[in-house]
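In case you want the letters, here they are:
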Amino acid sequence: MVDDNEIRQRFARLREADQESAPSFAQTYRRARARRSLRATRRVRALVIAAAAVVAIVAVALSYARSSSSSAVTPEITTWRAPTDVLLRTPGSELLGEMPALGASVLDTMIPKPSNTGT
Amino acid sequence: MDEVELKLQLERAHADCFGWAMACCGRDRDDAEEVLQTVYLTVLDGRARYDGRSTFRTWLFGVIRRTAASERRKAWLRGEREAGRREAGSGAREAGVIAPDPFAPPDAEVEHESRRDGLHHALGQLAKRQREVLQLVFYHDLTVEEAAAVMHVSVGSARTHYARGKANLAAMLGDAKEL
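Computed from a predicted model, the values in this text were never measured in an experiment.

Parameters at a glance
- Residues numbered from 1 in each chain as written.
- Chains lettered and ligands numbered in written order.
- Predicted model: local features only at pLDDT ≥ 70, side-chain atom pairs only at ≥ 80, totals over all residues.
- Heavy atoms only, no water.
- Helix = DSSP H or I, 4+ residues; strand = E, 2+ residues; numbered from the N terminus.
- Contact = heavy atoms within 4.5 Å.
- Phe/Tyr/Trp six-rings, centres within 6.5 Å; stacked < 30°, edge-to-face > 60°.
- Buried < 20%, exposed > 50% of the residue type's maximum accessible area, 1.4 Å probe, protein only.
- Patch = residues over 30% accessible without salt bridge, like charges linked within 9 Å, V, L, I, M, F, W, Y side chains within 5 Å.
- Areas by Shrake-Rupley, 256 points an atom, 1.4 Å probe, with all protein chains shown as cover.
- Salt bridge = Lys/Arg side-chain N within 4 Å of Asp/Glu carboxyl O.
- Axes fitted to C-alpha atoms, helices over the stretch in contact; angles between N-to-C directions.
- Parallel < 35°, antiparallel > 145°, perpendicular 65-115°, else oblique.
- Polar contact = N/O pair within 3.5 Å; in protein donor to acceptor, adjacent residues only side chain to side chain.
- Lys, Arg positive; Asp, Glu negative; His and termini not counted.
- Charge placed at Lys NZ, Arg CZ, Asp CG, Glu CD.
- Nonpolar A, V, L, I, M, F, W, Y, C, P; charged D, E, K, R; others polar.
- Left-handed = near helix turned anticlockwise from the far one by under 90°.

*Asks:* Where do I start with the side chain of B:Gln9 in this structure?
*Replies:* Looking at the secondary structure, you find B:Gln9 in helix H1 (residues 3–24). Beyond its immediate sequence surroundings of up to four residues, B:Gln9 is in contact with B:Met1 and B:Phe56.

Below you can see the structure in the form of structure tokens.
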């Protein structure tokens, strides 16, 4: 067994050895600052890359949305009919849309002619 | 405390801090220096603030201890990832088996052997808390109460670690002496 004094002496020797090999405060501080600036540069670079990636993704998404929406909407507009269009049709409107034939009866257009193949 | 005053305080405590950082990093000089750099930046950037509840040195030792633990965790995670990549790449190495470094200088082994006989080896055999409290008391001349504040444990717990650690260390150093 060793006593407290010897333990203390051994630790003192260890401390002396450490202090001999210790870097100076100025050196440690300088390296710390260099590390900080390096880290900041890396962070800025990562942010720039991330921002560029986001911009690229948004641009691609917007152009895709624009092209798909324009192709989808055009046929809808040309084929669209208002649900109330039926109200615009008045009785006998088909008669008013044609040129009247002289000597013909209105009923001729409405009543189908009998076929010649009958008995 | 303004930045100039902080820098002055850090400079005064630097040698002591380096010794404590060495202890927190398993006596790895490079790791200790890296931890100190991180601590200085943390303190000077105001991410760790001294509130005056203890002495500046006690508070700073606490910051160093936490930073070293955090760096150790990061290094462990990096190691795990790298090990995973290596394993995926070769697939031949068994988990947990560390191959000897073929590029280690020949005197590294001798140095390693000589360390084994000394205080460094004996400290390495102790439990972490015991090692920490002995380092703080014998190396840095802190009281057990101050050591408890650095280690974020109760004074009673620190006393127990101190008593057990000292007994274990004395026994180990005594055994080494007899050999």
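Next comes the rest of the description.
*Asks:* Would you explain the packing of aromatic side chains in this entry?
*Replies:* In this description, a pair of aromatic rings is defined by centroid distance and the angle of the planes. Taken as a whole and assessed by the stated rule, the structure comprises eight aromatic pairs over all chains. Measuring from centroid to centroid gives 5.5 Å for B:Tyr50 and B:Trp59, while their planes differ by 50 degrees, and the two rings are tilted. Centre to centre, the rings of B:Phe138 and B:Tyr162 are 6.0 Å apart; their planes meet at 25 degrees, and the pair counts as stacked. Separated by 24 residues along the polypeptide, B:Phe138 in helix H6 (residues 128–139) and B:Tyr162 in helix H8 (residues 155–178) bring together distant segments of the chain. Both residues of the pair, B:Phe138 and B:Tyr162, belong to the buried class. Among the aromatic side chains, those forming a connected cluster through ring pairs are A:Phe11, B:Phe138 and B:Tyr162.

*Asks:* I keep staring at a nonpolar patch on the surface and nothing clicks. Help me out?
*Replies:* Residue and element names in this part refer to chain A. A cluster of nonpolar side chains, namely Val54, Val58 and Leu62, defines an oily patch on the protein surface of about 260 Å² accessible area. Checked against the element boundaries, leucine 62 lands in helix H2 (residues 25–79). Owing to a relative accessible area of 48%, leucine 62 belongs among the partly exposed residues under this scheme.

*Asks:* Any chance you could explain the packing of helix H1 (residues 4–21) of chain A against H6(B) here in plain terms?
*Replies:* For any two helices packed against each other, one specifies the inter-axial angle together with the distance between the axes. H6(B) packs onto H1(A) with a crossing angle of 85 degrees between their chain directions and a minimal axis gap of 9 Å. With respect to each other, H1(A) and H6(B) are oriented roughly perpendicular. Contacts between H1(A) and H6(B) involve A:Asp4, A:Ile7, A:Arg8, A:Phe11, A:Leu14, A:Arg15 and A:Asp18 from the former and B:Leu134, B:Gln135, B:Val137, B:Phe138 and B:Tyr139 from the latter.

*Asks:* For this particular structure, what's the right way to read the side chain of B:Thr67?
*Replies:* All names here are of chain B. With respect to the helices, strands and loops of the structure, threonine 67 is situated in helix H3 (residues 56–90). Accessibility expressed as a relative area gives 11% for threonine 67, which makes it buried. Looking at threonine 67, its side chain comes within polar contact range of the main-chain oxygen of valine 63, at 2.7 Å. In contact with threonine 67, not counting residues within four places along its chain, are Val35, Thr38 and Val39.

*Asks:* What is the right way to read a negative patch on the surface from this model?
*Replies:* Residue and element names in this part refer to chain B. Residues Asp28, Asp30, Asp31 and Glu34 make up a contiguous surface patch of negative charge. Here aspartate 30 is to be found in helix H2 (residues 29–44). According to the relative accessible area criterion, aspartate 30 is exposed, its value standing at 55%.

*Asks:* Would you explain a positive patch on the surface in this entry?
*Replies:* A contiguous patch of positive charge, built from A:Arg39, A:Arg42, A:Arg43 and A:Arg45, is present on the exposed surface. Mapped onto the elements, A:Arg39 comes out in helix H2.

*Asks:* Explain the interface of chain B and chain A to me, please; I cannot follow it from the model alone.
*Replies:* Accessible area lost when the parts come together is the quantity often used to give the size of an interface. Contacts between chain B and chain A engage 38 residues on the former and 24 residues on the latter. Across the chain B-chain A interface, the total number found is six salt bridges. The salt bridge involving B:Asp45 is made with A:Arg36; its shortest N-O contact spans 2.4 Å. One can count 11 residue pairs in polar contact (both at pLDDT 80 or more) joining chain B with chain A. For the side of chain B that touches chain A, the secondary-structure elements that each account for two or more residues are H1, H2, helix H5 (119–125), H6 and H8 of chain B. In the side of chain B that touches chain A, the residues fall into 20 nonpolar, seven polar and 11 charged.

*Asks:* Is there a simple way to think about the packing of H1(B) against H2(B) in this case?
*Replies:* Residues and elements named next belong to chain B. As a packed pair, H1 and H2 sit with axes 10 Å apart at the nearest point and diverge in direction by 155 degrees. On the basis of their axis angle, the class for H1 and H2 is roughly antiparallel. In this structure, H1 meets H2 at a crossing whose hand is right-handed. Residues Glu3, Leu6, Lys7, Leu10, His14, Cys17, Phe18, Ala21 and Met22 of H1 touch H2, and the partners they reach there are Arg29, Ala32, Leu36, Tyr40, Val43 and Leu44. A per-class count over the contact of H1 with H2 returns 11 nonpolar, one polar and three charged.

*Asks:* Explain the environment of B:Thr160 to me, please; I cannot follow it from the model alone.
*Replies:* Inspection of the secondary structure puts B:Thr160 in helix H8. Put simply, B:Thr160 and B:Arg129 are 31 residues apart on the chain and 9.9 Å apart in space, counted from C-alpha to C-alpha.

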